[in-house]
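Structural features, examined
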Amino acid sequence: MDLFARELLFPRAMAWSWYIDEGFSASDTTKKLGAPLAPTSPTAFQWTAHIPS
């Protein structure tokens, strides 16, 4: 899936909120979006890689 489509499906701001603020896992996200893991996981991995230690 290209970046534009992934951003449309799962915007980075939403990813940040769900993963960081609400503590969602990748599987929680796929269930909530009704989307497969493949398009949602790259967005999640982008944000978790930038979390300060």
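Presented here is an overview of the structure given in this document. (Residues numbered from 1 in each chain as written. Predicted model: local features only at pLDDT ≥ 70, side-chain atom pairs only at ≥ 80, totals over all residues. Heavy atoms only, no water.)

1. A short note on the side chain of Thr29
Relative to the assigned elements, Thr29 resides in helix α3 (residues 26–33). Judged by its relative accessible area of 0%, Thr29 is buried. Of note is the side chain of Thr29, whose polar atom sits 3.4 Å from the side chain of Tyr19. Among residues more than four places away in sequence, those in contact with Thr29 are Phe10, Trp18, Tyr19, Phe24 and Thr40. (Helix = DSSP H or I, 4+ residues; strand = E, 2+ residues; numbered from the N terminus. Buried < 20%, exposed > 50% of the residue type's maximum accessible area, 1.4 Å probe, protein only. Polar contact = N/O pair within 3.5 Å; in protein donor to acceptor, adjacent residues only side chain to side chain. Contact = heavy atoms within 4.5 Å.)

2. Let's talk about helix α2 (residues 12–21)
In an α-helix, one turn spans 3.6 residues; hence positions three or four apart end up facing the same way. Ala15, Trp18 and Tyr19 are the residues of α2 that are buried. Buried residues in α2, looked at end-on, bunch into an arc of 85°, giving them a common side. Counted as exposed and oriented over 90 degrees from the buried face of α2: Ala13 and Asp21. (Arc of directions from axis to C-beta.)

3. Description of the side chain of Thr30
Tracing the chain through its elements places Thr30 in helix α3. Apart from the residues within four sequence positions on either side, Thr30 is in contact with Ala35, Pro36, Leu37 and Thr40.

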